[in-house]
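One letter stands for each residue in the lines below.
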Amino acid sequence: MPVFPPRFTIVELATGVEHGPLDSWEEVAMCLAFAKLSRDEVEVVEDISVMAKLTAAPW
């Protein structure tokens, strides 16, 4: 199985609106700044491959 880097999705807790998928934590930070959301107002969901979890790939 190939090891892919993780992808991130931002979910607004108040509305359920999803932003993403994003490829890095830097993109998550830019999206939060652009949408004027704080970290307390959202949940960041990380989609990481099973092989990355099993082999502890350093993402």
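Attention here is on the structure that accompanies the text. Computed from a predicted model, the values in this text were never measured in an experiment.

Rules and cut-offs
Residues numbered from 1 in each chain as written. Predicted model: local features only at pLDDT ≥ 70, side-chain atom pairs only at ≥ 80, totals over all residues. Heavy atoms only, no water. Helix = DSSP H or I, 4+ residues; strand = E, 2+ residues; numbered from the N terminus. Buried < 20%, exposed > 50% of the residue type's maximum accessible area, 1.4 Å probe, protein only. Contact = heavy atoms within 4.5 Å. Areas by Shrake-Rupley, 256 points an atom, 1.4 Å probe, with all protein chains shown as cover. Phe/Tyr/Trp six-rings, centres within 6.5 Å; stacked < 30°, edge-to-face > 60°. Pairing = 2+ DSSP bridges. Axes fitted to C-alpha atoms, helices over the stretch in contact; angles between N-to-C directions.

### Considering the overall build of the protein
Thinking step 1. Counting secondary structure elements, the protein contains two helices and three strands.
Thinking step 2. By residue count, 24% of the 59 residues in the protein fall in the buried class.
Thinking step 3. Sequence separation of at least 24 residues holds for 53% of the intrachain contacts in the protein that already meet a minimum separation of 6.
Thinking step 4. Accessible surface for the protein amounts to roughly 4400 Å². Of this, 61% is attributable to carbon and sulfur atoms.

### As for the packing of aromatic side chains
Thinking step 1. Counting across every chain of the model gives one aromatic pair.
Thinking step 2. Seen from their ring centres, Phe8 and Trp25 are 4.6 Å apart, and the 45° between their planes marks the pair as tilted. In this pair, Phe8 is assigned in strand E1 (residues 7-12) and Trp25 in helix H1 (residues 25-35), connecting sequence segments 17 residues apart.
Thinking step 3. By relative accessible area, which is 44% here, Trp25 ends up partly exposed.

### A few points about the sheet that holds E1
Thinking step 1. The strand order across the open sheet built from three strands is E2-E1-E3, with neighbouring strands paired in antiparallel fashion. The sheet terminates laterally at strand E2 (18-22) and strand E3 (42-47), the two strands that pair on one side only. Going from strand to strand, the sheet's axes swing by 15° on average, the running direction of each strand aside.
Thinking step 2. As paired strands, E1 and E2 are joined by three bridges and run antiparallel to one another. The partner of Phe8 across the bridge, within E2, is Leu22.
Thinking step 3. Each of E1, E2 and E3 is contacted by H1, which is oriented at about 25° to E1, the strand it contacts most.

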